[in-house]
Amino acid sequence: MPRIVGVDIPSNKPTWISLTYLYGIGRHQSKRILEACGIDGLKRAQDLSEEEVARIASEIEKNHVIEGQLKRQVQANVQRLKDIACYRGIRHRRGLPCRGQRTRTNARTRKGPRKTVAGKRSVKEMR
Amino acid sequence: MSRSLKKGPYVSERILKRIERMEGGKKEPVKTWDRGCTITPEFVGHTFNVHNGNKFLKVFVTEDMVGHKLGEFSPTRTFRGHTLRKETTEGE
């Protein structure tokens, strides 16, 4: 199994797909990287030569932000919003959606598991 | 939908003029209702009193705020959590 940029070891899938196992590379970026390297994306990752792996690695390092570095970048962006106390920053602090979605119902991704409150009317009753 | 790039960012003429006039002199808060006004680099270091529909909230502009709108720093809603019930409510 080839190793690309540190710890990540994509599997015996087509190279194009296995690259998306890296955080920060989706299908689109994956295609672009392989195109830039001149490698057939449908070739299995395990069939890549050492040299091809190196070429992919250098392409990624040169032109893409990935994994821990990308996560840190995202975190820093959120932290900036929190620090300047703008509306979006406040929503981040409170763990609520910050793009104007409704929170009366749903928004479970941000709010986490339901916290049942005794005596609260259900949505069905509210209608 | 986002604003047309052709027009450029929306900046209130009045505020710009006020800031220009205060150039070099002492800075005093600019009272404004114009929540939609984009914060430009010239605003940095000034204080604004931004209307939130009820009161004017003091907003001191720092460098990080450039590109945001004045209204983003003057919340219009007051909800600050539900009253905590006894141990019957779990979590939080």
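Residues numbered from 1 in each chain as written. Chains lettered and ligands numbered in written order. Predicted model: local features only at pLDDT ≥ 70, side-chain atom pairs only at ≥ 80, totals over all residues. Heavy atoms only, no water.

A. Highlighting the domain arrangement of chain A. Split into domains, chain A comes out as domain 1 (3-63) and domain 2 (68-126). With centres defined by C-alpha atoms, the gap from domain 1 of chain A to domain 2 of chain A works out at 35 Å. (Domains from an automatic or database assignment.)

B. Spatial organisation of unusual backbone geometry. Residue and element names in this part refer to chain A. You will see that E67, though not glycine, has its phi angle at about 50°, which is positive. Locating E67 in the fold gives a position in helix α4 (residues 67-83). A positive phi angle is found at N106, which is not glycine, with a value near 60°. Along the chain, N106 falls in the loop between α5 (87-94) and α6 (108-111). (Helix = DSSP H or I, 4+ residues; strand = E, 2+ residues; numbered from the N terminus.)

C. Local environment of the pairing of strand β3 (residues 56-60) of chain B. Residues and elements named next belong to chain B. Pairing of strand β2 (residues 47-51) with β3 involves five bridges; the strand directions are antiparallel. Its bridge partner being in β3, V50 is matched across the sheet by L57. Between the end of β2 and the start of β3, which pair antiparallel, lie four residues, with G53 showing a positive phi angle near 100°. (Pairing = 2+ DSSP bridges.)

D. Structural context of the packing of aromatic side chains. Applying the stated criterion to the full structure yields two aromatic pairs over all chains. Arranged with centres 4.9 Å apart and planes meeting at 90°, the rings of W33(B) and F56(B) form a pair that is edge-to-face. Taken together, the positions of W33(B) in the loop between β1 (30-32) and β2 and F56(B) in strand β3 put the pair 23 residues apart, joining distant regions of the chain. When its relative accessible area of 57% is taken as the criterion, W33(B) is described as exposed. Taking the centre distance of 5.2 Å and the plane angle of 40° together, the rings of F43(B) and F48(B) count as tilted. Exposure remark for F43(B): the relative accessible area of 0% places this residue in the buried category. By relative accessible area, F48(B) is classed as buried at 0%. Here the basic side chain of K71(A) rests over the ring of Y23(A), its NZ or CZ set 4.6 Å away from the ring centre. When the ring centre of F56(B) is taken as origin, the NZ or CZ atom of K31(B), which lies over that ring, is 4.6 Å away. (Phe/Tyr/Trp six-rings, centres within 6.5 Å; stacked < 30°, edge-to-face > 60°. Buried < 20%, exposed > 50% of the residue type's maximum accessible area, 1.4 Å probe, protein only. Lys NZ or Arg CZ within 6 Å of the ring centre and 35° of its normal.)

E. Layout of α5(A). Residues and elements named next belong to chain A. For α5, the full list of buried residues reads G89, I90, R91 and H92. Considering only its buried residues, α5 is in contact with α4 and α6. Where α5 terminates, the next one or two residues include G95, which has phi positive at roughly 70°. (Contact = heavy atoms within 4.5 Å.)

F. Here's a closer look at the nonpolar core. Residues and elements named next belong to chain B. By size, the foremost hydrophobic cluster in this structure holds 18 residues, and its most contacted members are I15, I39, F43, F48, V61, L70 and F73. Secondary-structure elements contributing two or more residues to this core are α1 (13-22) and β2. A per-element tally of this core places α1 first, with three residues. Filtering out sequence-adjacent residues up to four positions away, I39 remains in contact with V61, M65, V66, G67, H68, K69, L70 and F73. (Core = buried A, V, L, I, M, F, W, Y, C linked by side-chain atoms within 4.5 Å.)

G. Geometry of the packing of helix α2 (residues 27-37) of chain A against helix α3 (residues 50-63) of chain A. Residues and elements named next belong to chain A. In contact at an axis separation of 10 Å, α2 and α3 are set at 120° when each is read in the N-to-C sense. The pairing of α2 with α3 is recorded here as oblique in orientation. You can see that α2 and α3 cross each other, and the crossing is right-handed. For the pair α2 and α3, contact is made by I33, L34, A36 and C37 and by R55, I56, E59 and I60, respectively. (Axes fitted to C-alpha atoms, helices over the stretch in contact; angles between N-to-C directions. Parallel < 35°, antiparallel > 145°, perpendicular 65-115°, else oblique. Left-handed = near helix turned anticlockwise from the far one by under 90°.)

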